[in-house]
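Here's the letter readout for the chains.
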Amino acid sequence: MYLMPFIDDDQIPDLATEYPNSNPNYSEFNYQSISAIIAERQQHLDTVSHEVSRLETVMDSIKHIHQQLIAKKDKIIAQSMNLHKRLVTALWRLPTEVLSQIFVYCLPNYHYLSASHLAPMLLTRICRRWREVAVGTPSLWCRLHVSEDAQRAALCYDTWLKRSRGCPLSLKLHCNGTNWTGLRSLLQPYINQILCLDLHFSTNIPQPELMISDFLALEELNVSFDWSHPKPALAQFISQPPCTLRSLEVSEVFFDVEYASAFNPTWAHLTYVDIDIGEPNAFLQLLRLCPDLSSLTICTSFVAMEALEPCTHTKLQSLHIHSADTYDDDSIEYFNLFDTLSLPNLRTLEAHYVQPWPHDEFKTFLTRSECPLESLTLQFEIPITDEQRAEYVALIPSLEVLVE
């Protein structure tokens, strides 16, 4: 950079003249001398103009350097200071393991997660370190809701599942006649990681090239439908479940004895079942097919109330009954599941809209079962009386009865 030299007073030209500025006597002028003075002054003017130009150039350069320094201060120094300030805060000094655990608590309180603007995707967009920690935390990527446009978002879903790094997976899938092939391809590399599978079929089930039996680690299966009478297709789809299956939930399908009997391999190891029952004998058949069952939820819609055979299940601890039938005619036989049933290990019972409520038969059931019942929840349009409640408590003094 050019630096302007310092000019002493001696270097400033003497602009004084021997010629007067007023009332000149032109006869005394030496025109040759005057011309020389003019030439000398012009030379001085040119020199000073040149120095002024050089000084302006230097000033422009200094102004440019000043602007650069301001920008450097704002964009580099300030950013660097902020970065290093963050590094000394408690959050940035947290170990990766602790930050990973915090990220787990940031996940939405949904059973299945979607590739949206919420965590875990949100955590990958904050800063580089957070992205590295989030991507490197497999437990953030173990739950996924795959929408119907799975083929269009296949790369996104595949990236999500890869980040699970072999951890157990819980997946919810929307299946139709057009996207099953794409879903099968998406799941194949991770099929031995899937512990929980929730399938919703919006059209008839296609020929299942991928059967439930291929999910060798599957423990929980939920299946729901949008169309009526899918039993043959469902039978084909889950005819050979893996021996690891412990929980089965099927919606919008009423099971009967014939259909339930076809699924002996399915029921053998189940501990939880949520299903719609179309006839009383199917309920008893279900209990016989599930010797390890500890929790059962049924929705009933009985059209025939024939006499039932005695049935005892020693491991069932929780029974939830939702009835779709209300009998107003006393000539019609009421809900009779308690007539011959024994549940010696029952601890929780809920009955919703079972009317008329078989009070005497239920007392006999409690006496017959000798069960350690702790909670009885009844929800009816016409509630039970205080006297009926007292009779139940008399049989089991520790029983808590809740009437809704």
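Caption draft 1: Layout of the overall build of the chain. Per the secondary structure count, the chain includes eleven helices and 13 strands. When the 404 residues of the chain are sorted by exposure, 38% land in the buried category. A separation of at least 24 residues holds for 67% of the contacts in the chain among residues at least 6 apart in sequence. Total accessible area on the chain stands at roughly 22,800 Å², and carbon and sulfur atoms take up 55% of it.

Caption draft 2: How the structure looks around the packing of helix α10 (residues 359-369) against helix α11 (residues 386-395). Where α10 contacts α11, the axes come no closer than 10 Å and their chain directions differ by 10°. The orientation of α10 with respect to α11, classified from their angle, is roughly parallel. On α11, the residues touching H359, F362, K363, L366 and T367 of α10 are Q388, E391, Y392 and L395. Partitioning the contact of α10 with α11 into residue classes produces four nonpolar, three polar and two charged.

Caption draft 3: A look at the sheet that holds strand β3 (residues 194-201). Read across the open sheet, the eleven strands follow the order β1-β2-β3-β4-β5-β6-β7-β9-β11-β12-β13; overall the sheet is parallel. The open sheet terminates on both sides in strands that have one partner only, identified here as β1 (143-146) and β13 (400-403). Strand-to-strand twist across the sheet, computed as the mean angle between neighbouring axes with direction ignored, equals 10°. For strand β12 (residues 375-379) and β13, the ladder comprises four bridges, and the chain directions are parallel. For L378, the partnering residue across the bridge sits in β13 and is V403. Here helix α5 (residues 180-187) sits on the sheet in contact with β1, β2 (169-175) and β3, set at roughly 165° to β2.

Caption draft 4: Representation of the packing of aromatic side chains. For the structure on display, the rule yields nine aromatic pairs. Aromatic side chains F103 and W130 sit 5.2 Å apart centroid to centroid with 65° between the ring planes, which places their arrangement in the edge-to-face category. Remark: W130 occurs in helix α3 (residues 128-135) and F103 occurs in helix α2 (residues 96-105); sequence separation between them is 27 residues. Exposure class is identical for F103 and W130. Each is buried. Between F362 and Y392 the ring centres are 5.2 Å apart and the planes differ by 85°, which places this aromatic pair in the edge-to-face class. Pair noted here: F362 is in helix α10 and Y392 is in helix α11, with a separation of 30 residues, a long-range link. Summarising the burial analysis for this pair, F362 and Y392 share the class buried. Taken together, F338, W357, F362, F365, F380 and Y392 form an aromatic cluster joined through their ring pairs. The positively charged end of R163 is found above the aromatic ring belonging to W141, 4.7 Å away from the centroid.

Caption draft 5: Molecular detail of the pattern of salt bridges. For the structure on display, the rule yields seven salt bridges. The partner of D292 in a salt bridge is K315, with the nearest N and O atoms 3.0 Å apart. Of the two residues, D292 is situated in the loop between α9 (280-289) and β7 (295-300) and K315 in the loop between β8 (311-312) and β9 (318-323); the sequence distance between them amounts to 23 residues. Accessibility expressed as a relative area gives 41% for K315, which makes it partly exposed.

Caption draft 6: Main features of the nonpolar core. Among the nonpolar cores identified, the biggest contains 85 residues, and L197, W267, F283, L296 and W357 are the most heavily contacted of them. With six residues, α9 is the single largest residue contributor to this core. Contact partners of F283, with chain neighbours within four places excluded, come to I277, L296, I298, L319, L337 and L341.

Caption draft 7: Layout of α5. Among all positions of α5, only W180, L183, R184, L186 and L187 are buried. Projection of α5 onto a plane perpendicular to its axis shows the buried side chains occupying an angular sector of 160°, all on one side.

Caption draft 8: Local environment of the side chain of S164. Structurally, S164 can be placed in the loop between α4 (154-162) and β2. Here the side chain of S164 touches L161 through a polar contact of 2.5 Å, landing on its backbone oxygen. What S164 contacts, discounting residues up to four positions off in sequence, is P138, W141, C142, L169 and Q193.

Conventions used here
Residues numbered from 1 in each chain as written. Predicted model: local features only at pLDDT ≥ 70, side-chain atom pairs only at ≥ 80, totals over all residues. Heavy atoms only, no water. Helix = DSSP H or I, 4+ residues; strand = E, 2+ residues; numbered from the N terminus. Buried < 20%, exposed > 50% of the residue type's maximum accessible area, 1.4 Å probe, protein only. Contact = heavy atoms within 4.5 Å. Areas by Shrake-Rupley, 256 points an atom, 1.4 Å probe, with all protein chains shown as cover. Axes fitted to C-alpha atoms, helices over the stretch in contact; angles between N-to-C directions. Parallel < 35°, antiparallel > 145°, perpendicular 65-115°, else oblique. Nonpolar A, V, L, I, M, F, W, Y, C, P; charged D, E, K, R; others polar. Pairing = 2+ DSSP bridges. Phe/Tyr/Trp six-rings, centres within 6.5 Å; stacked < 30°, edge-to-face > 60°. Lys NZ or Arg CZ within 6 Å of the ring centre and 35° of its normal. Salt bridge = Lys/Arg side-chain N within 4 Å of Asp/Glu carboxyl O. Core = buried A, V, L, I, M, F, W, Y, C linked by side-chain atoms within 4.5 Å. Arc of directions from axis to C-beta. Polar contact = N/O pair within 3.5 Å; in protein donor to acceptor, adjacent residues only side chain to side chain.

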